[in-house]
Every structure is written in structure tokens, then in C-alpha cells.
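Take a look at the letters that make up each chain.
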Amino acid sequence: MNIFRPSRKLALVFGGVLVFCGATGSAAVYIGAEKLLGSTFRGTNGQKCTEVETVLIKKKDREWIRKYVATSGGDGLSRMKTALRVAEKTFQEQKPDLVQVVVIDDQGPKDRANMRGHAIGADVVYIPDPSRVPEVGDAAVFTARYIDRPANESGLFYGEKIVVPSEDVERIAALMDDKFDCAKPAGAPEAAAAGAHGGDAHAAPAEAGGHG
């Protein structure tokens, strides 16, 4: 088993939101390609989802988007595929330099302060051109992970944290044949804008206890 140690640069950029393992001491395992082949490719496009909140972060000449979405049921891999699909769709429509999609459960907390830690069922970061984001220049194009168990009655996830290798995420993305966004509830507010340095994005990092 490999312990997942996220890039400190990547963690600092998003104020801790990317530190999926946090400071709890829990480990994450890397899932191999053999587990992503065959039957696990069924439902390649992921699940239907509902948009909860979108945060727009502007920094100099760059633009980053963090999107929180909710799903109901499904396994960890399908949640990760959902996040991947939405991340690519968001890039197609808005062309930001970095997109992060955080998947929570329909029954989980919906306020940003609590959409962190065990509330997160999957997380995908998509950086189409890492050279455009020098703060995370050593990062892969895709960073993807998920919790391998369903949410409990409170919409929280307790299980093993699975990291999907970037090259396998690219294979999954290439197989998607319908990249659609999440449904947006009627009357939902437009994307909240954070300050030039992340603003209120730093106030409620979607991590599991700590900033790595």
C-alpha cells in the first residue's frame, strides 16, 4: 500500500481543499489499471448530479473554478467519473486554467464550511496545461480519488481512500461519450467569486482535518 502525499504546492493553492487524506493519518491506496478494466467501465459517464455551489477564483491572469456537486448512491468509481465528466464539461464551456470538482452525497452537508473531510466522496482536479498554473507546475493533468464505500445515513463517507493514476484517468476520460453538466436547481446563485488569493476559498477548505 502506498501512502498518498499530495503536492504541498497544490494544497496551498486551494487552501487545503486538495488534501483529501488530511492530517488524520489515514492512508490512500493506488488503484491499478486491472481494476479499471472490464465491468468497471460500465456507466462510463458517471452519475446524474446536482450542482451545490461553484466558486470562481481569479489570480492575476488566471482563473480557477471549484465546483461542489451532489450525487445519490452509486459506488466510488462512479462518483469519480462524475467529477471527471463535470470537470471536463466545465473546461469546455468556461476554459479556466484549473478545475476542481468535489462530489458530496445528496444527504450530506450543503454549506461550504462542512463540505470537507468525510463529506467528500470523490474529488477530481483537472489542469489542462500545468504550465499555465506555475504554482502547481509539477502536478499531473488529472488528480483523482474517491472513497470506496457508500455514504452513511448522514451523507458522510467512511472507507478507504483510493487514488486513481493520472494515466488511467485519461483512459476513462477518453471513453466518455456524453459529457454533460450537473442539473442546476431553480433559483441557484451564480458562481461565487473569491479574492485574488483565493479569498473565502481559504475559509472552508474541503479537506479532512488540516492543511497537509
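Anyway, here's the lowdown on the structure attached to this text. None of these values were measured; they are calculated from a predicted model. (Residues numbered from 1 in each chain as written. Predicted model: local features only at pLDDT ≥ 70, side-chain atom pairs only at ≥ 80, totals over all residues. Heavy atoms only, no water.)

## Here we look at the packing of aromatic side chains
Right, on to step 1. If you walk through the whole model with that rule in mind, you get two aromatic pairs.
Right, on to step 2. Ring centres 5.6 Å apart and planes at 75° place the aromatic pair Phe91 and Tyr126 in the edge-to-face group. On the criterion of sequence distance, the pair formed by Phe91 in helix α2 (residues 76-94) and Tyr126 in strand β5 (residues 122-126) is long-range, its members being 35 residues apart.
Right, on to step 3. Taking relative accessible area as the criterion, Tyr126 reaches 11% and is therefore assigned buried.
Right, on to step 4. Taken together, the aromatic side chains of Phe91, Tyr126 and Phe142 make up a single cluster linked through ring pairs.
Right, on to step 5. Here the guanidinium or amino end of Arg85 rests over the ring plane of Phe180, the centre of that ring lying 3.7 Å away.
Right, on to step 6. Lying across the ring of Phe91, Lys95 places its NZ or CZ 5.5 Å from the centre. (Phe/Tyr/Trp six-rings, centres within 6.5 Å; stacked < 30°, edge-to-face > 60°. Helix = DSSP H or I, 4+ residues; strand = E, 2+ residues; numbered from the N terminus. Buried < 20%, exposed > 50% of the residue type's maximum accessible area, 1.4 Å probe, protein only. Lys NZ or Arg CZ within 6 Å of the ring centre and 35° of its normal.)

## Focus on helix α3 (residues 166-175)
Right, on to step 1. Buried residues of α3: Ser166, Asp168, Val169, Ile172 and Ala173, and no others. Viewed end-on, α3 has its buried residues packed into an arc of 160°, placing them on one side of the element. Facing away from the buried side of α3 by over 90 degrees, the exposed positions are Glu167 and Ala174.
Right, on to step 2. The inward-facing, buried residues of α3 abut α2, β6 (142-147) and β7 (161-164). (Arc of directions from axis to C-beta. Contact = heavy atoms within 4.5 Å.)

## Quick look at the pairing of β7
Right, on to step 1. Burial along β7 is two-sided: the residues Lys161 and Val163 and Ile162 and Val164 are all buried.
Right, on to step 2. Direction of pairing for β6 relative to β7: antiparallel, over a ladder of four bridges. Residue pairing in the sheet places Ala144 in a bridge with Val164 of β7. (Pairing = 2+ DSSP bridges.)

## Quick word on the pattern of salt bridges
Right, on to step 1. Summed over the entire model, instances satisfying the criterion amount to nine salt bridges.
Right, on to step 2. One salt bridge in this structure joins Glu93 and Lys89, with 3.7 Å as the shortest N-O distance. With Glu93 and Lys89 both in helix α2 and four residues apart, this pair spans about one turn of that helix.
Right, on to step 3. Across the pair Asp168 and Arg171 runs a salt bridge whose closest N-O atoms are separated by 3.6 Å. Placement of both Asp168 and Arg171 in helix α3 is noted, with a separation of three residues, approximately one turn of the helix.
Right, on to step 4. The exposure class assigned to Arg171 is partly exposed, which follows from its relative accessible area of 38%.
Right, on to step 5. One continuous salt-bridge network, built from bridges that share partners, spans Asp61, Arg62, Asp97 and Arg132. (Salt bridge = Lys/Arg side-chain N within 4 Å of Asp/Glu carboxyl O.)

## What to know about the pairing of strand β2 (residues 50-59)
Right, on to step 1. Summarising burial for β2: seven of the ten residues are buried, a large majority.
Right, on to step 2. When β2 meets strand β3 (residues 62-71), the two strands line up antiparallel, connected through nine bridges. Of the residues in β3, the one forming a bridge with Thr50 is Ala70.
Right, on to step 3. The hairpin formed by β2 and β3 contains two residues between the paired strands, and Lys60 there has a positive phi angle of roughly 55°.

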